[in-house]
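# Coordinate analysis (summary)
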Amino acid sequence: MIVSAHTNPFDVPELIPARMLNEFAYCPRLGYLEFVHGEWDDNLETRQGTFGHRRVDKPDRRSIPAPHLTTGQNHEAQASTDVPAAAPSLEDTAAETADQSTIHARSLMLSAPDEGLIAKLDLLELDGQLATPVDYKRGKAPKGEQQAWEPERVQLCAQGLILRANGYQCVEGVLYYIASKKRVVIPFDDELIARTRSLLAEFRQTSAEGIVPPPLVDSPKCPRCSLVGICLPDETVFLQSDPEAAAEFEVSASEPDAQTSDAAVRDRPAPPVRKLLPARDDALPLYIQEQGAMLGKSGDRLQIKLKGDVQGERRLMDVSQVSLFGSVMMSAQALSELTGRGIPICHFSYGGWFHGITTGLVHKNVELRICQYRTAANSETSLMIARQLISGKIRNCRTLLRRHLSKDADGVKLLLDQLDRYRQQAEQTTSAESLLGIEGMAAKVYFSGLFQLIGQRHAFDVNDRNRRPPRDPVNAVLSFAYALLTKELTITLQAVGFDPMLGVFHRPRYGRPSLALDLAEEYRPLIADSVMLTAFNNGELSADQFLQRAGSVTLTPAGRTALIRCFERRMQTEVSHPIFGYKLSYRRLLEVQSRLLARTMLGELNHYPAFCTR
């Protein structure tokens, strides 16, 4: 069976790509995450590999004679008919033989249903009935007797099995190492064929069982893997191997008190978790709130125009998300480019109400969403996760007040003790209704202390949390900051593979991203409330940046701009993870915690480790 070069290999049922077999031989967890969950992320090495394949990834238009099949069938394989042939490069000259009788075909997709395999061959050397697959590798040829790693030999052998199934004679393949410009011949002996088929059967069984293979333990493979930030190998192993120690790190790092001093927390040995990822991203959100503006595309840049005049530009590679407020228009070209690149487009009302998101095709991880629906339908499991979320929220609320309220002020100790009691009750409650009531009472106590911080410095008449619409500037800022936080978590959860609309604490409601609101609970004091305090205390918001109408208060466009700047600074602020020890930005932290929530719902972790700052 020969598949067109434009055919999606995943459309063929139960066929495993040879490249995925390579990943499974390298690390079973990596192969499972890519093939079953559809996970993928780039790093430097994958980009170098893509660049090294730039020649062989372009199919030529020459026809390939079919072998003389014993069944009497006859057909031709044709890589493509719409890409003109190109002159060979130096790499092609090194990789391809000089024999004029040999046909060379690039980027050829073939499948073998009987073997259960499919592959896109980088280069096929065809001499009559004799076919030799050539697979390009980015690095240098390894030293040793075989001069090739097992995963690479297995992938090449899988291509050889596919060629044999299509009627060609195939006794060996070639690994071409781009960095050293060296061809390594790999014979397809019985031992390699048996190993390839054994791994294929194991991969197929693992995929059918639906259980994610365990992560490698302290493996040198992990730091260089492109999926390390998705797999979380060290974090998962640490939380699995010693849950009590993990809980000890979590509690002691978040709530130093008379029993656990700050010095004791600092002196505690760090958990065996390697640094995850750089804390900052070059790509940042783009916010557009000028009414009547048009977002368009020009080359590799986004252009913002107003009445035909260009107001600003941003390179597409520097954009992580786009937020549009009110009547901001977008060209079809910009929409297509953003969704094609996986850049989400968030829609806000003119007043700042987050009400929609536009993305490309949703995440492929159907298994996670099935587990999410199962968790939401199981009252016991969903309550277990909800307890951790609310406990983490109350801890963080208490920490914020403990940091900022004067210890000598009247009632501060009583307030902190009340929050601690509510935290204990939240961790022990046995019903979702009780947890909802405990969270509400804790929030009332917390806001009474939070508004004291504002009243001490600003002449705001604010006594309680109010919304829809807010009746004072403080609540107007809180509502907008919560909307921005919900937007961030909706994007993150969708990128991880969740359905943001179905939560475990907030019940499903039409148009409400319940899971994003669930996860937002522990970050409200750390991100949104801190942004509000910073904006007022630093003088970034003033009275003329609020608009009052019939008792309600809202931010002006200038006020929203000032608050967005403050919010983005907070999202880029680095913080030490209390359990794992490494530093990362708040935006990266949201992704890490979302993936830990996924590990919990998939059954890899016994409980969700909430993020609690010191």
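Residues numbered from 1 in each chain as written. Predicted model: local features only at pLDDT ≥ 70, side-chain atom pairs only at ≥ 80, totals over all residues. Heavy atoms only, no water.

Before going further, it helps to spend a moment on the overall build of the chain. Helix and strand content of the chain: 20 helices and 20 strands. Relative to all contacts within the chain whose residues are 6 or more apart in sequence, the contacts with residues 24 or more apart total 66%. For the chain, the computed accessible surface area is about 28,800 Å², with 51% contributed by carbon and sulfur atoms. (Helix = DSSP H or I, 4+ residues; strand = E, 2+ residues; numbered from the N terminus. Contact = heavy atoms within 4.5 Å. Areas by Shrake-Rupley, 256 points an atom, 1.4 Å probe, with all protein chains shown as cover.)

Below, the discussion takes up the nonpolar core. Counting 99 residues, the largest nonpolar core has Leu-401 and Tyr-523 as the members making the most contacts within it. Here the element with the most residues in this core is helix H16 (residues 473–496); it accounts for 14 residues. Residues in contact with Tyr-523, not counting those within four places in the same chain, are Leu-485, Leu-489, Ala-528, Leu-589, Leu-590, Gln-593, Tyr-608 and Phe-611. Grouped together as the second largest cluster of nonpolar side chains are 38 residues, Ala-18, Leu-108, Ala-119 and Leu-161 included. (Core = buried A, V, L, I, M, F, W, Y, C linked by side-chain atoms within 4.5 Å. Buried < 20%, exposed > 50% of the residue type's maximum accessible area, 1.4 Å probe, protein only.)

Here Asn-166 lies in the loop between helix H5 (150–165) and strand S7 (172–177). Note on Asn-166: relative accessible area 3%, which makes it buried. There is a polar contact of 3.1 Å between the side chain of Asn-166 and the backbone oxygen of Ser-111. (Polar contact = N/O pair within 3.5 Å; in protein donor to acceptor, adjacent residues only side chain to side chain.)

Mapped onto the elements of the fold, Lys-444 is located in helix H15 (residues 432–455). As a C-alpha pair, Lys-444 and Asp-464 span 20 residues in sequence and 7.8 Å in three-dimensional space.

Moving on: empty space enclosed by the protein. Applying the stated criterion to the full structure yields 3 cavities of 30 Å³ or more. By volume, the largest cavity is sized at about 110 Å³. Among the elements of the structure, helix H2 (28–35) and helix H7 (228–231) are those that each provide at least two residues to the lining of the largest cavity. Counting residues per element, the lining of the largest cavity draws most heavily on H2, at 3 residues. Of the residues belonging to the lining of the largest cavity, the class tally is 12 nonpolar, no polar and 2 charged. (1 Å grid on protein atoms, 1.4 Å probe; cavity = no way out; pocket = protein on both sides within 12 Å on 5 of 7 lines; lining within 4 Å. Points joined across faces, edges and corners; volume = space filled by probe spheres on them. Nonpolar A, V, L, I, M, F, W, Y, C, P; charged D, E, K, R; others polar.)

On to the sheet that holds strand S10 (residues 294–298), then. What the 4 strands build is an open sheet, ordered S12-S11-S10-S14; its pairing is mixed. Here the strands that pair on one side only, and so sit at the sheet edges, are strand S12 (309–315) and strand S14 (329–330). (Pairing = 2+ DSSP bridges.)

Another point: the packing of aromatic side chains. One pass over the structure, following the stated rule, counts 10 aromatic pairs. Each ring, one from Phe-325 and one from Phe-348, has its centre 4.5 Å from the other, and the planes form 15°; the classification is stacked. Residue Phe-325 is located in strand S13 (residues 319–325), and its partner Phe-348 is located in strand S15 (residues 345–348); the two are separated by 23 residues in the primary sequence. Here Phe-325 falls in the buried class, since its relative accessible area comes to 0%. Here Phe-325 and Phe-480 contribute two aromatic rings whose centre-to-centre distance is 6.0 Å and whose plane-to-plane angle is 50°, an arrangement assigned as tilted. Residue Phe-325 is located in strand S13, and its partner Phe-480 is located in helix H16; the two are separated by 155 residues in the primary sequence. Each member of the pair, Phe-325 as well as Phe-480, carries the same accessibility label: buried. Stacked on the ring of Tyr-26, the Lys or Arg Lys-221 has its end atom at 4.7 Å from the ring centre. (Phe/Tyr/Trp six-rings, centres within 6.5 Å; stacked < 30°, edge-to-face > 60°. Lys NZ or Arg CZ within 6 Å of the ring centre and 35° of its normal.)

As a further point, take the pattern of salt bridges. Counting across every chain of the model gives 25 salt bridges. Among the ionic pairs, Asp-420 bridges to Arg-423, the shortest N-O distance being 2.7 Å. With a gap of 3 residues between them, Asp-420 and Arg-423 both fall in helix H14 (residues 412–428), about one helical turn apart. Of the charged contacts, one joins Glu-568 and Arg-587 as a salt bridge, the two residues approaching to 3.1 Å between their closest N and O atoms. In this pair, Glu-568 is assigned in helix H19 (residues 557–572) and Arg-587 in helix H20 (residues 586–601), connecting sequence segments 19 residues apart. The same class applies to Glu-568 as to Arg-587, namely buried. Residues joined by salt bridges that share partners form a network here, namely Glu-39, Arg-588, Glu-591 and Arg-595. (Salt bridge = Lys/Arg side-chain N within 4 Å of Asp/Glu carboxyl O.)

Right, let's talk about unusual backbone geometry for a bit. Of note in this structure, Asp-218 is not a glycine but carries a positive phi near 50°. When you line up the elements, Asp-218 lands in the loop between helix H6 (190–209) and H7. Residue Lys-307 is not a glycine yet carries a positive backbone phi of 55°.

With that settled, consider H5. With 16 residues, H5 should cover 22 Å at 1.5 Å per step; its first-to-last C-alpha distance of 22 Å lies within 8% of that length. Of the residues one or two after H5, Gly-167 is the one with positive phi, at around 100°. (Expected span 1.5 Å × (residues − 1).)

The next point concerns the sheet that holds S13. The strand order across the open sheet formed by 4 strands is S9-S13-S15-S16, and the pairing between neighbours is mixed. Each having just a single partner strand, strand S9 (284–288) and strand S16 (354–358) make up the two edges of the open sheet. In this sheet, neighbouring strand axes are inclined to one another by 20° on average, regardless of whether the strands run parallel or antiparallel. Pairing between S15 and S16: 4 bridges, direction antiparallel. (Axes fitted to C-alpha atoms, helices over the stretch in contact; angles between N-to-C directions.)

Another aspect to go through is the pairing of strand S11 (residues 301–306). The sheet contact formed by S10 and S11 spans 5 bridges and is antiparallel. Of the residues in S11, the one forming a bridge with Ser-298 is Arg-301. Counting the residues in the hairpin turn of S10 and S11 gives 2 residues, including Gly-299, whose phi is positive at 65°. Note: S11 against S12, 6 bridges, orientation antiparallel. By the bridge assignment, Ile-304 is partnered in S12 with Gly-312. Joining the antiparallel neighbours S11 and S12 is a turn of 2 residues, in which Lys-307 adopts a positive phi near 55°.

Function cannot be read off these values alone, since they describe shape.
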